[in-house]
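Below are the chains, spelled out letter by letter.
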Amino acid sequence: MNAPLPPPPVQAASERAARQAAVVAALAPLLPAHALLWHGEDTVPYECDGLTAYRQQPLLVALPETEAQVAAVLKACHALQVPVVARGAGTGLSGGALPHALGVTLSLAKFNKIVQIDKLARTATVQCGVRNLAISEAAAPHGLYYAPDPSSQIACTIGGNVAENSGGVHCLKYGLTLHNVLRVRGFTAEGEAVEFGSEALDVPGLDLLPLIVGSEGMLAVTTEVTVRLVPRPLLARCIMASFDDIRKAGDAVAAVIAAGIIPAGLEMMDRPMTAAVEDYVHAGYDLDAAAILLCESDGTPEEVAEEIDRMLAVLTGCGATRVEVSRDEAQRLKFWSGRKNAFPASGRISPDYMCMDSTIPRRRLADILLAIAQMEAKYGLKCCNVFHAGDGNLHPLILFDANDADQMHRCELFGADILETSVAMGGTVTGEHGVGVEKLSSMCVQFAPEEREQMFAVKRAFDPQQGLNPGKVIPTLQRCAEYGKMHVKKGLRPFAGLERF
């Protein structure tokens, strides 16, 4: 039986307009007039997140200001069977906030209040739209701060961090978002209030907090978060170590951890990345090095002195050609400013870039970098590499021009190759940026059909109507089947469950 032909463009536009009118009529009584956007020029700013390669204007944008309004919007959309995509600051890099063409984008930007800083319990309760860095700024007078520090921390929100389980340059010692969040409050797709975790040591019943953190807006809409604060260390010092060979640098990362040292931060950049960054922020990086490591120690002055000496011994023993220890706080921040500005620095040397995000075992760092170098020749595109070396979390930045359709296609193939190679090396297709729409097909590589069905089962348990952020994160059987056939045609490696298609 032949599939029906798609409706003509005029008919499709007419149906969209009718649907839009119905949704506007349903939501208008629930929100102030200024909190509902549906004209094209008003919704354009919401058409993508930090992954600008994929764009889609939503049916309309709702900007609630209270939890009651969030609940009301969700209830109305659920009754109309209209998809809802929650959005924070839009700094995500996997298309997690990409709008649904026939759905509502629920912007939570107005939820930007710090509810409470409890200096005795060392916690902060904040609304989901509070910026990551703003939490530390509010806690600073009490000698406390919020440890997870993504490179976008000046703009990204805690709600988005919860959705993606974000990390940052200090996640090796202090953990990801999951390890620093105590409680998440929000609403289900039906508009029912729900709470995960607790400020106490334990929670009654099943502890579902680890499930909601990293769920990419598919299970509930977060409105309030309680995070753990940690004391600001008395001292922090950073080592910049240069290596004339990628493999020596990769081996040094593994050697530091093997020596029983857990640095506050352990980051790596290759030569193209350091060149781009140095030209931008003048951090004092060694431009002759094939790779540099940033290794930080924090704690009491005595602890830092001992750990710095131990790390210097390991790094020089692994072949470091140059080591420099930050003289003062200003130089330490300068070292990190380069790492923190890797993404904007890449934007200065290329019309566009696609930042990938995968993880591999630390011992394979050199192998993946050498493999990426071969891919550059294969796809005819340049790639700068910067990553959380201590965690094996890669962030290759593929440089391309989105106005060139062929370059865009090659960039997508390049990115998929990096992800699949990471899986083949014992890693995963994502570390902290999420799956979104970017890595949907790559999920077929890592997970067998039965595993993906279990993921769908969790989604259905929270959202039976599949209304929250639909079509993302978990690929359908059909999508994986089509992707598998493409693999076979191209002579690429088989992947999990391919033989069952």
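Everything that follows concerns the structure shown earlier in this document.
Calculation rules
Residues numbered from 1 in each chain as written. Predicted model: local features only at pLDDT ≥ 70, side-chain atom pairs only at ≥ 80, totals over all residues. Heavy atoms only, no water. Disulfide = S-S within 2.5 Å. Helix = DSSP H or I, 4+ residues; strand = E, 2+ residues; numbered from the N terminus. Buried < 20%, exposed > 50% of the residue type's maximum accessible area, 1.4 Å probe, protein only. Expected span 1.5 Å × (residues − 1). Arc of directions from axis to C-beta. Contact = heavy atoms within 4.5 Å.

## A few points about the state of the cysteines
- A complete count under the given rule lists 1 disulfide for this structure.
- Note on cysteine connectivity: Cys444 is disulfide-linked to Cys480, with sulfurs 2.0 Å apart. Disulfide Cys444-Cys480: the torsion about the S-S bond is -80 degrees, which places it as left-handed. Linking Cys444 in helix α15 (residues 440–446) with Cys480 in helix α17 (residues 477–490), this pair joins segments that are 36 residues apart in sequence. Each member of the pair, Cys444 as well as Cys480, carries the same accessibility label: buried.
- We note that Cys77 lacks a disulfide partner, and the nearest cysteine sulfur, in Cys128, lies 16 Å from it.
- According to the relative accessible area criterion, Cys77 is buried, its value standing at 1%.
- The thiol sulfur of Cys171 is not disulfide-bonded, and the nearest other cysteine sulfur, from Cys156, lies at 13 Å.

## Some points on helix α10 (residues 301–317)
- Look at α10: 24 Å from first C-alpha to last across 17 residues, which is about the 24 Å you get at 1.5 Å a residue.
- Val304, Glu307, Ile308, Met311, Leu312, Val314 and Leu315 are the residues of α10 that are buried. All buried residues of α10 fall inside an arc of 165 degrees around its axis, so they share one side. Looking at α10, the residues exposed on the side facing more than 90 degrees away from the buried face are Glu302, Glu306, Asp309 and Gly317.
- Looking at the buried positions of α10, the neighbouring elements they touch are β12 (235–243), α8 (246–258), β14 (291–299) and β15 (322–325).
- Just downstream of α10 lies Gly319, where phi reads positive at about 100 degrees.

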